[in-house]
Each structure stands twice: as C-alpha cells, then as structure tokens.
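Descriptive structure summary
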Amino acid sequence: MKKVLVLEDESSIRSFIVINLRRAGYDVVEAESGEEALDKLKENPNVRVALLDIMLPGIDGFEVCRRIRVTNSHIGIIMLTARSQEMDKITGLMTGADDYVTKPFSPAELTARVDALMRRSGGGGEERSGEIRQDPFLLNTRNRTLEKGGQRIKLTQVEYAIMKMFMENPGKALSREEILDLVWGRDYFGELKIVDVNIRRLRLKIEDNATNPTYITTVWGFGYKWGF
Ligand code: CA
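Residues numbered from 1 in each chain as written. Predicted model: local features only at pLDDT ≥ 70, side-chain atom pairs only at ≥ 80, totals over all residues. Heavy atoms only, no water.

Okay, the side chain of lysine 103 next. Mapped onto the elements of the fold, lysine 103 is located in the loop between β5 (99-102) and α5 (107-120). Separated by 3.0 Å, the side chains of lysine 103 and aspartate 53 make a polar contact. The residues touching lysine 103, leaving out its near neighbours within four places in the chain, are Glu8, Ile13, Asp53, Leu80, Thr81 and Ala82. (Helix = DSSP H or I, 4+ residues; strand = E, 2+ residues; numbered from the N terminus. Polar contact = N/O pair within 3.5 Å; in protein donor to acceptor, adjacent residues only side chain to side chain. Contact = heavy atoms within 4.5 Å.)

Next comes the structure, spelled out in structure tokens:
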C-alpha cells in the first residue's frame, strides 16, 4: 500500500487531508507535531511521501524537512504553505522539499500532487505497472487506453498523447507552444491552433460538461492546465 505521512497541527485541516488521501487509496499516517512526525517516520520506514505543514508549535516544517533529509533522500516531501505571497521566502527555505501546496487547496489538487510525487519517487509503481490513476481517470500507458469511472473512452493517438502529458503534469499550466512541442514534437511546423482544436475535441470526450470544463482548464492568454 502507498503510504503518506501528514504533519499538520490544525486538526480540521489534518482530517480534511487524511480523509481525502484515504479516499484516493492512500494509507495515511498522521502527526500533529514535528517531533511526532519524525517518530512516526522511524516506525513507518515505508512512507513514500510526507506532507509537512510549516507553521507548527515546537520545531517547524522546514526543520522537520531538514532532519528527514539527513537520513532519507528518497522520500517525497511536499510543504503545506499558508499563502502564495510568502513563496519567495519559502522557496529559499525549502531546499530539501520536492513540492509545495498553498492553502486552501482542493482535494483534487492535493491528491494530484501526491500522486505525481509518488510516481516520480517510484513509490507508487504506477509508471512501472503502466498505469497513471487520477480519479476518476485511469490511463494505461502500456495499451494506451483511457478510462473514466471505469468506462473506456476512445481516443486518437494525439488525444492520448495530450492526456498523458496532462496526467504527468497535474496542476501545471502548460503553454500552447509547450503542448505542441510535447505532443507533436519539436520538428512539427503546424499552427498552435491545432492544440486548441484537439483540446476542444478531447473535452467533449472527457469532461462532464464540455462547455464548462473542470479537468482541462484554460489559462487565458497562455495555454491549458490539467484540472483544479
Ligand atoms: Ca499550522
């Protein structure tokens, strides 16, 4: 089972995170102080991703991160930050962390970030098993198929490539140029419009309501983003 540690002193936020990660299929270990988190990690050496709140009584999240990294370089670490405006300061401090999530965050954003880190750290084994799961979607990279809520969705090869790109980059805004490069290749001399055309068609297939898309969202004047 894929195990995640959640360190957060505010019990309402902690239970929100725990419930949503369990719902997404994770085995969750909870801690409400930095000291407790370090103890729990010793007891659970198979934890693959740790979510660390920064502002805590006792040692703070940065210190917990630093102490984890002294002995453990393979665990994925996501910092939970209070405000995006603090990011300048925070990025300077989060030397050992892999990612951060700004509060308040949606369950979908949170699980997508944990999933992505699980995959990168090899902990989920999803890449090896040939599957990328981001509920309700399941992408099978071996036979190049997509399911939504257990139902197969027929995709063209380009649509499949777009889905794979999105699911490998959850929550990241991708420019139309980037998408063109990633999906069609750098040698492709087509127009950016082809990106919009394919995404419009993909939305008709995968969105609950294509006129109000929630999975593939538009980043105005830039490109698109997978979800959230
Ligand atoms: Ca806190």
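Within the span of helix α2 (residues 34-43), buried status applies to Gly34, Ala37, Leu38 and Leu41. Seen from one end, α2 has its buried residues packed into an arc of 95°, which puts them on one side. Looking at α2, the residues exposed on the side facing more than 90 degrees away from the buried face are Lys42 and Glu43. Summarising the contacts, the buried residues of α2 are in contact with β1 (3-7), β2 (27-31), β3 (47-53) and α3 (61-71). (Buried < 20%, exposed > 50% of the residue type's maximum accessible area, 1.4 Å probe, protein only. Arc of directions from axis to C-beta.)

Residues at a pLDDT of 70 or more form 87% of the protein chain, whose mean pLDDT is 86. Scored below 50 in pLDDT, residues 123-127 makes 14 contacts in the model with residues more than four places away or belonging to other chains. (pLDDT = per-residue confidence, 0-100.)

With that out of the way, let us pick up helix α9 (residues 193-206). Helix length check: α9, at 14 residues, gives a terminal C-alpha distance of 20 Å against a target of 20 Å (1.5 Å per residue), a fit within 8%. Taken residue by residue, α9 has Val195, Asp196, Asn198, Ile199, Leu202, Arg203 and Ile206 as its buried positions. In an axial view of α9, the angular spread of the buried residues amounts to 165°, which keeps them on one side of the axis. Exposed and facing more than 90 degrees away from the buried side of α9 are Arg200 and Leu204. (Expected span 1.5 Å × (residues − 1).)

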